[in-house]
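Listed below are the residues making up each chain.
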Amino acid sequence: MNVLMIAPPGAGKGTQGVVIAAHFDIPHIATGDLLRDHVARGTDLGRQVRDYLDRGELVPDEVVLTMVREALEATDRRGYVIDGIPRTMDQARALYDIGVEMGSTADVALHLEVDDEELVRRLLARSSKEGRSDDTEGVIRRRLALYYEVTHPILEWYGERGILVSIDAMRPADQVGRQILTALEVVRQMVDGDPEHPRRPIDLTGLGRAFGRTD
Ligand code: AMP
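Residues numbered from 1 in each chain as written. Predicted model: local features only at pLDDT ≥ 70, side-chain atom pairs only at ≥ 80, totals over all residues. Heavy atoms only, no water.

With that settled, the discussion passes to the overall build of the chain. Along the chain, the regular secondary structure elements total nine helices and six strands. For a compact globule of 215 residues, the expected C-alpha radius of gyration is about 17 Å, and the chain comes in at 17 Å, within 12% of that figure. Projected onto its principal axes, the C-alpha positions of the chain cover 45 × 45 × 30 Å. Within the chain, buried positions represent 49% of all 215 residues. When the accessible surface of the chain is summed, it comes to about 10800 Å², and 50% of that surface belongs to carbon and sulfur atoms. Counting 27 positive and 37 negative side-chain charges, the chain places the averaged centre of each group 3 Å from the other. (Helix = DSSP H or I, 4+ residues; strand = E, 2+ residues; numbered from the N terminus. Rg over C-alpha atoms; globule rule 2.2 N^0.38 Å. Buried < 20%, exposed > 50% of the residue type's maximum accessible area, 1.4 Å probe, protein only. Areas by Shrake-Rupley, 256 points an atom, 1.4 Å probe, with all protein chains shown as cover. Lys, Arg positive; Asp, Glu negative; His and termini not counted. Charge placed at Lys NZ, Arg CZ, Asp CG, Glu CD.)

Take a look at the structure:
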């Protein structure tokens, strides 16, 4: 199972990426974590990207694509869950090309939907716990704006390819996690059955109400 996660900052892609990786026993590749690890270790790459991370700007495509290609090569091709990339249409196309080359294009683009105010609330709460340099209010707003400008439009492309699964991620993380795993189990059966069969996008965002959401 090859899963890409597309979501605004604070929607829970890191948390849910870990859940998906554990459930399907596949590697979790999180570009933000990999970049922060380089910064923390003071590598050349870390020095190159630190300012971008602090400002909430995207690091150059070449840097992040090379990093992801290496991470994918280090897996044993039994699937992946990737979070943090693609952030732009160019990255989406480049990642697709890498997938074609390695015989491992995405089966699912998992989109987590959360309201902006809830995102800001979660990110500010995280900043007091984790102290991330990019979780200050100004940088959070910048990252959100960037998400809507360059990342959100990619969803349409995945919708057209029939691999988009949208999930209402406003609810508590454990409920969201269960819904994701249920949806991915269905996708897994379809992929195992006929990987080339064209599929329709799956939209589970309306399910929030069934789980107690009132708006
Ligand atoms: P994240 O942990 O996914 O929120 O990413 C944290 C930061 O890492 C972002 O604000 C960017 O500065 C950088 N970053 C992560 N993934 C990418 C990417 N695919 N392209 C460019 N920059 C990225």
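Anyway, onward from the coordinates.
Moving on, we get to the pattern of salt bridges. All told, the structure shown has 17 salt bridges when counted by the stated rule. The closest approach of N and O atoms between arginine 47 and aspartate 44, which form a salt bridge, is 2.6 Å. Taken together, the residues span about one helical turn, with arginine 47 and aspartate 44 both in helix H3 (residues 44–55) at a distance of three residues. The class of arginine 47 is exposed, set by a relative accessible area of 58%. One salt bridge in this structure joins glutamate 118 and arginine 121, with 2.9 Å as the shortest N-O distance. You can see glutamate 118 and its partner arginine 121 sitting in helix H6 (residues 116–130), three residues apart, about one turn around the helix. For glutamate 118, a relative accessible area of 16% translates into the label buried. Among the charged side chains, a network of salt bridges with common partners joins Arg126, Asp134, Asp135 and Arg143. (Salt bridge = Lys/Arg side-chain N within 4 Å of Asp/Glu carboxyl O.)

Let us look at the site of the ligand. What surrounds the ligand is a group of 18 residues, the closest being Thr31, Arg36, Glu57, Gly84 and Gln91. Measuring from a nitrogen atom of the ligand, one finds a backbone N or O atom of glycine 84 at 2.9 Å. Contact with the protein chains covers 97% of the free accessible surface of the ligand, which is 480 Å². Of all the secondary structure elements, the ones that give two or more residues to the shell around the ligand are helix H2 (31–41) and H3. With four residues, the top contributor of residues to the shell around the ligand is H2. Each of two domains, domain 1 (2–27 + 80–207) and domain 2 (31–74), supplies a minimum of three residues to the shell around the ligand. (Near = heavy atom within 4 Å. Polar contact = N/O pair within 3.5 Å; in protein donor to acceptor, adjacent residues only side chain to side chain. Domains from an automatic or database assignment.)

Before going further, it helps to spend a moment on unusual backbone geometry. Following isoleucine 85, the chain continues into proline 86 via a peptide bond in cis, with omega recorded as 5°. Mapped onto the fold, proline 86 is located in the loop between strand E3 (80–83) and helix H5 (89–102). Non-glycine residue aspartate 25 carries a positive phi angle of around 55°. Its location among the elements puts aspartate 25 in the loop between helix H1 (13–24) and strand E2 (28–30). Under the relative-accessibility criterion, aspartate 25 is labelled exposed at 55%. Look at arginine 77: it is not a glycine, yet its phi comes out positive at around 65°.

Turning our eyes to something else, we now look at the packing of H6 against helix H7 (residues 137–151). When two helices pack together, you describe them by how their axes are tilted relative to each other and by the distance separating the axes. Running from N to C, H6 and H7 point in directions that differ by 135°, and their axes come no closer than 10 Å. Looking at the two axes, H6 sits oblique to H7. H7 is crossed by H6, and the crossing has right-handed handedness. Across the interface between the two elements, Asp116, Glu117, Leu119, Val120, Leu123, Leu124 and Arg126 from H6 touch Glu137, Ile140, Arg141, Arg143, Leu144 and Tyr148 from H7. Looking at the contact of H6 with H7 residue by residue, the classes come out as seven nonpolar, no polar and six charged. (Axes fitted to C-alpha atoms, helices over the stretch in contact; angles between N-to-C directions. Parallel < 35°, antiparallel > 145°, perpendicular 65-115°, else oblique. Left-handed = near helix turned anticlockwise from the far one by under 90°. Contact = heavy atoms within 4.5 Å. Nonpolar A, V, L, I, M, F, W, Y, C, P; charged D, E, K, R; others polar.)

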